[in-house]
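# Per-entry structural report
Okay, here's what each chain looks like letter by letter:
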Amino acid sequence: MNTGSRASIAVALLAAAALVGCGAQEDSRVAATTTTPTGADWRPVSGLPFEEPVQLHSRRGVLRVELTAQKGMTEVSGAPVVAQPFNGRLVGPTLHVKPGETIEATIKNATDEATNIHWHGLHVRPTGISDNVFRTFRPGQTVQSIVRLPRDHAPGTYWYHVHLHGYTEGQVMGGLSGLLVVEGLKKLLPRPLRKITERQFAIRNLQTSGDAVVTDREDINPEGPSAQLINALQNPRLSLRSGETQLWRLGNIGSDLFYDVALDGHRMTVIAEDGSPVWRTRSATHLVMAPGKRFDVLVQGGRPGRYTFRTKRYNEGSWMKRADLAQVTVTGPAAPRAAYAALPKRIDTPNEPIGRRTVSRRRSFTFSFGTGRDFTALINGVQFRDGVNNVVPFVGTVEEWTLINKSDEDHPFHIHVNDFQVMSVNGKPYRANGLQDVVVIPRNGGRVVIRNPFDDFTGHYVFHCHILGHEDAGMMQTVDVIRRGERPTPPPSHMGGAGHRH
């Protein structure tokens, strides 16, 4: 994966996963082991029992949370390492809110770099102190981010992460990300499945040098060896009963890597994608998860035995290596009768299809790499430009965008605020099962056509490649959604910039 000149990182490939849930029995036959990567001082313990991130829930319609970004020693998979995370843990707390509620986040920047915050996937206001990625939180500052969810907000799995242009890759690698759950998804399931166990899979990688996480953008090497972690654990163990149905919330909250996840001997039934409940469920043996991608899936325990939850080899322009993420033991006796309920074919989703709505305008965007000495990543031949509007749609309209990839790597396209519907991939009609906020544009001339609804909210926000090394190198543009009769205004000055360091 080309992200500019990178120093090689001397760390062995590690596999990890932490699977979240309540009351699951652990397989005591699987012992934890310590892995000692050559040339590295971080020695993660493999095979620990899974643990979930810290869980924070709203009260009386408000979720009040304090997130402190600070560099220091933290424990990752049973071993100390220097990182720069939220609240001293490599994976930030999971935030739980309901549609119509408010997130009141107090963010303390105790680092020596500027930063900010993005509430990835939420359909909320992008201006002021809401989901505004043009804000800058300077070192030593304490700021607020207040996000009000609409009452009809789609339930599902979302996430939050820092988003200051030029800093994003290194700060997310250092730990500044976490999951966010908008409650209500299980209420859309058949009644026998509404009380099933949930597990959270915050998937990310970690590169280290000595006893510290690598956070300098020039030293992060997506093609180099790294540890594949779930909930900051390496290859942990969990169990479920034969026939038991569980809801697994899968989220790629890392900076650059793709995952192609599978559970040996089992299928996954997708009930939501990128936080949007689907119109039709689908059964899959594996799921490709680009950076930023989320899936909510139902998994039913098969025959008793031991199985591996893994990421398969995946070619996104360079080969992402296979790795074991977790060891799953299916135990007997069988689960209670209620857990055997038939898996749903359809979901009563609040999201309406976009494909039949009138298209007001068509646009094309070409993603490519620059040819100069320094690595640059471009959209329509230019890097991200501070203070410039690239697209000015009218609120309440639908636009059709053709996304073209002229580079030799896949690019995960992501747009803030509004989900879209995929219409075709490489010229073939695409049967969308629902809306999404991340789609992979295939490399070497790939084309994806999407329908973008600019509903509800006006103001400035961005779209970009979610390989964060590419976004930092300029593969991002600014949208200014306005009302008819209004004139566009320049976006707020963004302190970041490709290659800029504080």
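The structure under discussion appears in the preceding block.
### Regarding the sheet that holds strand E18 (residues 237-241)
Ordered in space as E18-E28-E25-E20-E23, the 5 strands form an open sheet in which the pairing is mixed. Both edges of this open sheet fall to E18 and strand E23 (287-289), since each of them pairs with a single strand only. Ignoring which end each strand starts from, the neighbouring axes of this sheet average 25 degrees apart. In this sheet, strand E28 (residues 323-331) lies alongside strand E25 (residues 305-311) in antiparallel orientation, the contact comprising 7 bridges.

### Re the sheet that holds strand E34 (residues 428-429)
If you walk across this open sheet you meet the 6 strands as E30-E29-E31-E36-E33-E34, and the pairing is mixed. Bordering the open sheet on either side are strand E30 (377-379) and E34, each of which pairs with just one other strand. As paired strands, strand E29 (residues 361-369) and strand E31 (residues 397-405) are joined by 7 bridges and run parallel to one another. Bridging across to E31, Arg363 finds its partner in Trp401.

### Thoughts on the pattern of salt bridges
This structure, assessed with the given rule, holds 18 salt bridges. For the salt bridge of Arg294 with Asp437, the shortest nitrogen-to-oxygen distance reads 2.9 Å. A residue pair is termed long-range when its members are at least 10 positions apart, and Arg294 in strand E24 (residues 294-300) and Asp437 in the loop between E34 and strand E35 (438-441) qualify at 143 residues. The pair formed by Arg294 and Asp437 is uniform in burial state, with each residue classed as buried.

### Concerning the nonpolar core
Soluble globular proteins tend to bury their nonpolar side chains together. The biggest cluster of nonpolar side chains holds 69 residues, and the ones touching the most others in it are Leu250, Phe309, Trp401 and Phe413. Setting aside anything within four residues of it in sequence, one finds Phe413 in contact with Phe367, Trp401, Leu403, Phe420, Asp437, Val438, Val439, Ile441, Ile450, Phe463 and His464. Ranked by size, the runner-up nonpolar core spans 27 residues in total, among them Ile107, Val172, Val182 and Leu468.

### Re the environment of Arg447
Here Arg447 lies in strand E36 (residues 446-454). Excluding residues that lie within four positions of it along the chain, Arg447 makes contacts with Thr402, Leu403, Ile404, Ser424, Val425 and Asn426.

### What about the packing of aromatic side chains?
In the structure shown here, the tally under the stated rule is 15 aromatic pairs. Relative to Trp401, the ring of Phe365 lies with its centre 4.6 Å away and its plane at 50 degrees, an arrangement referred to as tilted. Here Phe365 is found in strand E29, whereas its partner Trp401 is found in strand E31, with 36 residues between them in sequence. The two residues Phe365 and Trp401 agree in class, both being buried. A centroid spacing of 5.1 Å and a plane angle of 70 degrees characterise the contact between Phe365 and Phe463, whose relative ring orientation is edge-to-face.

What counts and what doesn't
- Residues numbered from 1 in each chain as written.
- Predicted model: local features only at pLDDT ≥ 70, side-chain atom pairs only at ≥ 80, totals over all residues.
- Heavy atoms only, no water.
- Pairing = 2+ DSSP bridges.
- Helix = DSSP H or I, 4+ residues; strand = E, 2+ residues; numbered from the N terminus.
- Axes fitted to C-alpha atoms, helices over the stretch in contact; angles between N-to-C directions.
- Salt bridge = Lys/Arg side-chain N within 4 Å of Asp/Glu carboxyl O.
- Buried < 20%, exposed > 50% of the residue type's maximum accessible area, 1.4 Å probe, protein only.
- Core = buried A, V, L, I, M, F, W, Y, C linked by side-chain atoms within 4.5 Å.
- Contact = heavy atoms within 4.5 Å.
- Phe/Tyr/Trp six-rings, centres within 6.5 Å; stacked < 30°, edge-to-face > 60°.

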